[in-house]
Amino acid sequence: MKGKDDPNYKVAAENRKARYEYAINDTFEAGIALSGTEVKSLRGGKATIGESYAGEKNGEIWLVNAYIPEYLQANQFNHETKRPRKLLLHRREVDKLVAAIQREGMTLVPLKIYFNDKGRAKVELALAKGKKLHDKRETEKQRDWTRERARLMRDKG
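Residues numbered from 1 in each chain as written. Predicted model: local features only at pLDDT ≥ 70, side-chain atom pairs only at ≥ 80, totals over all residues. Heavy atoms only, no water.

1. Notes on the pattern of salt bridges
Overall, the coordinates contain 9 salt bridges when judged by the stated rule. In this structure, aspartate 26 engages lysine 96 in a salt bridge whose closest nitrogen and oxygen atoms are separated by 3.5 Å. Placement of the pair is aspartate 26 in strand E2 (residues 22-32) and lysine 96 in helix H3 (residues 91-104), with a sequence separation of 70 residues. Taking the relative accessible area as the measure of exposure, aspartate 26 reaches 29% and is therefore partly exposed. (Salt bridge = Lys/Arg side-chain N within 4 Å of Asp/Glu carboxyl O. Helix = DSSP H or I, 4+ residues; strand = E, 2+ residues; numbered from the N terminus. Buried < 20%, exposed > 50% of the residue type's maximum accessible area, 1.4 Å probe, protein only.)

Here you go:
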C-alpha cells in the first residue's frame, strides 16, 4: 500500500470509529467487486462504511451494509445503495479469516475504501475484537494525555 504521499491514492470512505470501538489485530487489503455506477459514485467520495462489516457466506467474504449513494447521471442503470458486495481475496487469506471469525470470535471491520495507484477500488479490512467499556475509556484517557503532553511541550518551546 503506497499511502497518503502518492498522488493517485484517494480515500473514498473511512471508518474512523473502528479504531475506538475495536482492538485491531491484523489488516488486509482486499479488492471489491463493483458495478460501473458504484465506482463513479465512490469517486465522488460520499460513501459511508461506519455501520458496515464483512462476513463469510459460501466460502467467500462479503462486505455488508456499506452505503454507496446512487450515481445521479445513471438514470435507470443505477445500483442498489446497500447491497452486499463481494470482496476479492486469495483463497488462503479467506480461509485464515474464516477460521479467525469462527474460532476466536473476531470481527472483520472495514477501515477504509480507497483507490490505489492503478485506480482500482480497494478495501482495507481489519481483523478485530470488540473493546469493552473500560478499554474504550483507557483509549480515550491515553489520547487526552498525548494531546495534553504535546500542548505542554509546544508551550515550553
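Once the structure has been displayed, the description carries forward.
2. Notes on the pairing of strand E4 (residues 60-64)
Because side chains alternate across E4, one face comprises the buried residues Ile61 and Leu63, and the other comprises Glu60, Trp62 and Val64, none of which is buried. Here strand E3 (residues 53-57) folds back onto E4, and the loop between the two strands holds 2 residues, one of which, asparagine 58, carries a positive phi near 55°. Pairing between E4 and strand E5 (residues 85-88): 3 bridges, direction antiparallel. By the bridge assignment, leucine 63 is partnered in E5 with arginine 85. (Pairing = 2+ DSSP bridges.)

3. A few points about the nonpolar core
Burial of nonpolar side chains together is a common tendency in soluble globular proteins. Counting 27 residues, the largest nonpolar core has Leu42, Ile61, Leu87, Ile113 and Leu125 as the members making the most contacts within it. Those elements giving two or more residues to this core turn out to be strand E1 (10-14), E2, E4, H3, strand E6 (107-115) and strand E7 (121-130). Apart from the residues lying within four places of it in its own chain, the contact partners of leucine 42 are Lys10, Ala12, Leu34, Ala47, Ile68, Ile113, Phe115 and Ala121. The next biggest cluster of nonpolar side chains, apart from the first, holds 5 residues, and it includes Ala18, Val109, Ala126 and Ala128. (Core = buried A, V, L, I, M, F, W, Y, C linked by side-chain atoms within 4.5 Å. Contact = heavy atoms within 4.5 Å.)

4. Observations regarding helix H2 (residues 36-44)
Among the residues of H2, those classed as buried are Thr37, Glu38, Ser41 and Leu42. Projection of H2 onto a plane perpendicular to its axis shows the buried side chains occupying an angular sector of 135°, all on one side. Against E1, E5, E6 and E7 lie the buried residues of H2. The first or second residue beyond H2 is glycine 45, which carries a positive phi of 80°. (Arc of directions from axis to C-beta.)

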